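# Structural characterization, general
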Amino acid sequence: MLISNSTWNIHNFWMELIDQLYQAGYEVLVVAAPDQFTPFVTQNLNLRFIPLKYLHATSINPGYDLLLLDELYQITKRESPAAILTFTIKPNIYGSFLAKRLNIKVIPTVTGLGYTFVNKRWLNNIVSKLYTTAFQALPQVILQNRSDLSLLKKYKILKENQGIILPGAGVNTEFYSAAPMPASDRFVFLFLGRILSDKGIRELAVAAQHVRRTHPQVEFWIAGIQPENHPAEINKVEFQRWIDQGIFKYWGWRTDVRPLIEQAQAIVLPSYREGLSSTLLEAMSMSRPLIVTDVPGCRETVQVGYNGWLAKVKDAHDLERCLLEAIQTPPEVLNQMGKNSREKAVQEFSIEQVNRAYLDLLAKITFAEVSLIELN
């Protein structure tokens, strides 16, 4: 059983793992809050889906959480899974509570410490205590970068040797194959991600406006969903104003971002914090240099001067510096940086090693003969 706060999360990060679990002989049950991505998940015949009525990812209403806890308990008790994989904060906490109570093996994955740890100190303290209780005595907890592991150890949420680091959800380097740089006079920076303030959208708008004053041939493209009822959401009027002013060209949400990546010279993500950004891994796999902030979940993808640039977090001026350096980089050097990104993606972030790690961990706790199965 996989538990997540949204089918968006399942669709964007874990569908290939689900397929590998099915091929390895598991019956896969996905339990998540429904959203506009639910049809993309439920059309996969390798899984069953149960929607969660009471999981509101950003809600801090304890009444809803008690209802969610009971809802998860009823589903888990009825389904009696061999093991549970949980993703995102509430599923990690409540899924771990219930798994221990029902004597079911559980492997939580901390997919980033997110908005709560970045912005809300009082809520941070509550979540830290819940995490500490939930993860107590668990043999393994998966994290996606070393900074998150160090922070959870600092808060005494995890003990020594309890955390395992995997490179995010990995990237399919065959699907996201190397693509040549576009032959065009324009220079395109592409942002791929949710339209949220903690993704650095406002800093990017300021930096982009400054850059376009002196370099009108430069374009800034945005592709991603605009979440509603999220504490970090960008006001739609504000976002539309940036589009009307010609700062951004907005492509909406795309089921396949490869055509956009192919038309860009560089990918930019000035996020405040990530687990490990899958969009960056996809761009790397397609041979694109990166401009990212020097924060957990972003810095792991960039070696400065080799395949990209690091900007100071929440600093539009320093982000502008990186953008200008990329524009002024000779085409042959930029092309080589893209090739370096591809090499780094293949060597460090392939989806094969991530899926193999999950299957091996499940084999150990369920005593399945999974480790003998060859993965495609």
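For the structure given in this document, a descriptive report is provided here. (Residues numbered from 1 in each chain as written. Predicted model: local features only at pLDDT ≥ 70, side-chain atom pairs only at ≥ 80, totals over all residues. Heavy atoms only, no water.)

The tally for this structure, following the rule as stated, stands at 16 aromatic pairs. Residues Trp14 and Tyr358 carry aromatic rings whose centres are separated by 5.8 Å and whose planes lie at 80° to one another, so their mutual orientation is edge-to-face. On the criterion of sequence distance, the pair formed by Trp14 in the loop between helix 1 (7-13) and helix 2 (15-23) and Tyr358 in helix 15 (residues 351-366) is long-range, its members being 344 residues apart. The exposure class of Trp14 is buried, given its relative accessible area of 2%. Accessibility expressed as a relative area gives 0% for Tyr358, which makes it buried. Grouped by ring-pair contacts, the aromatic residues Phe239, Trp242, Phe248 and Tyr250 constitute a single cluster. Taking NZ or CZ as reference, Lys314 lies 4.8 Å from the ring centre of Tyr272, over its face. (Phe/Tyr/Trp six-rings, centres within 6.5 Å; stacked < 30°, edge-to-face > 60°. Helix = DSSP H or I, 4+ residues; strand = E, 2+ residues; numbered from the N terminus. Buried < 20%, exposed > 50% of the residue type's maximum accessible area, 1.4 Å probe, protein only. Lys NZ or Arg CZ within 6 Å of the ring centre and 35° of its normal.)

This next bit is on the nonpolar core. Counting residues in each nonpolar core, the largest one holds 58 residues, and the members touching the most others are Phe189, Phe220, Phe248, Ile291 and Leu323. Non-local contacts of Ile291, meaning those with residues more than four positions away in its chain, are made with Phe189, Ile267, Val268, Leu269, Trp309, Leu319, Cys322, Leu323 and Ala326. Of all hydrophobic cores here, the second largest spans 33 residues; its members include Leu52, Leu55, Ile84 and Leu143. (Core = buried A, V, L, I, M, F, W, Y, C linked by side-chain atoms within 4.5 Å. Contact = heavy atoms within 4.5 Å.)

Moving on, we get to the environment of Tyr131. Along the chain, Tyr131 falls in helix 7 (residues 121-135). Classification of Tyr131 by relative accessible area gives buried; the value is 1%. Separated by 187 residues in sequence, Tyr131 and Asp318 place their C-alpha atoms 35 Å apart.

A word on the sheet that holds strand 5 (residues 105-110). With parallel pairing, 7 strands are arranged side by side in an open sheet as 3-2-1-4-5-6-7. With partners counted over all chains shown, the strands left at the sheet margins are strand 3 (48-51) and strand 7 (163-165), one partner each. The sheet shows a mean angle of 20° between the axes of neighbouring strands, direction not considered. Relative to strand 2 (residues 29-32), strand 1 (residues 2-4) runs parallel, the two sharing 3 bridges. Bridging from a neighbouring strand, Ser4 pairs with Ala32 of strand 2. Along the sheet, helix 4 (residues 62-79) makes contact with strand 1, strand 2, strand 3 and strand 4 (83-87), crossing strand 3 at roughly 150°. Contacting strand 4, strand 5, strand 6 (141-143) and strand 7, helix 15 runs over the sheet at an angle of about 140° to strand 4. (Pairing = 2+ DSSP bridges. Axes fitted to C-alpha atoms, helices over the stretch in contact; angles between N-to-C directions.)

Between helix 9 (residues 201-214) and helix 13 (residues 316-328), whose axes approach to 9 Å, the crossing angle comes to 50°. The angle between helix 9 and helix 13 places the two elements in the oblique class. Between helix 9 and helix 13 lies a crossing of right-handed hand. Together, Glu203, Leu204, Val206, Ala207, His210 and Val211 of helix 9 and Ala316, Leu319, Glu320, Leu323, Leu324 and Ile327 of helix 13 make up the contact between the two elements. For the contact of helix 9 with helix 13, the per-class residue count stands at 9 nonpolar, 1 polar and 2 charged. (Parallel < 35°, antiparallel > 145°, perpendicular 65-115°, else oblique. Left-handed = near helix turned anticlockwise from the far one by under 90°. Nonpolar A, V, L, I, M, F, W, Y, C, P; charged D, E, K, R; others polar.)

Running from N to C, helix 4 and helix 5 (residues 89-101) cross one another at 50°; their axes reach a closest spacing of 10 Å. Considering their axes alone, helix 4 and helix 5 lie oblique with respect to each other. Remark: the crossing between helix 4 and helix 5 carries right-handed chirality. Residues Asp65, Leu68, Leu69, Leu72 and Tyr73 of helix 4 lie in contact with helix 5, whose contacting residues are Lys90, Tyr94, Leu98 and Arg101. Its residues placed into classes, the contact of helix 4 with helix 5 shows 6 nonpolar, no polar and 3 charged.

Right, let's get into unusual backbone geometry. Positive phi outside glycine occurs at Ser80, with the angle close to 45°. On the secondary structure map, Ser80 appears in the loop between helix 4 and strand 4. Even without a glycine there, the phi angle at Asn103 is positive, about 60°. The residue Asn103 is located in the loop between helix 5 and strand 5 in this model. Overall, the relative accessible area of 71% leaves Asn103 in the exposed class.

Under the defined criterion, the tally for this structure stands at 16 salt bridges. Glu79 is the partner of Arg48 in a salt bridge, and the nearest nitrogen-oxygen pair spans 2.8 Å. Linking Arg48 in strand 3 with Glu79 in helix 4, this pair joins segments that are 31 residues apart in sequence. Here Asp148 and Arg273 are joined by a salt bridge, their closest N and O atoms 2.6 Å apart. On the criterion of sequence distance, the pair formed by Asp148 in helix 8 (residues 146-154) and Arg273 in the loop between strand 11 (266-269) and helix 12 (278-285) is long-range, its members being 125 residues apart. Under the relative-accessibility criterion, Asp148 is labelled buried at 0%. One continuous salt-bridge network, built from bridges that share partners, spans Glu27, Arg48, Arg78 and Glu79. (Salt bridge = Lys/Arg side-chain N within 4 Å of Asp/Glu carboxyl O.)

Glancing now at helix 14 (residues 331-348). Helix length check: helix 14, at 18 residues, gives a terminal C-alpha distance of 26 Å against a target of 26 Å (1.5 Å per residue), a fit within 8%. What helix 14 keeps buried is the set Leu334, Met337, Gly338, Asn340, Ser341, Lys344 and Ala345. What you see down the axis of helix 14 is that its buried residues fit within an arc of 160°, all on one side. When the buried face of helix 14 is taken as reference, the exposed residues oriented beyond 90 degrees from it are Glu332 and Gln347. The elements touched by buried residues of helix 14 are strand 8 (187-192), helix 12, strand 12 (290-293), strand 13 (308-311) and helix 13. (Expected span 1.5 Å × (residues − 1). Arc of directions from axis to C-beta.)

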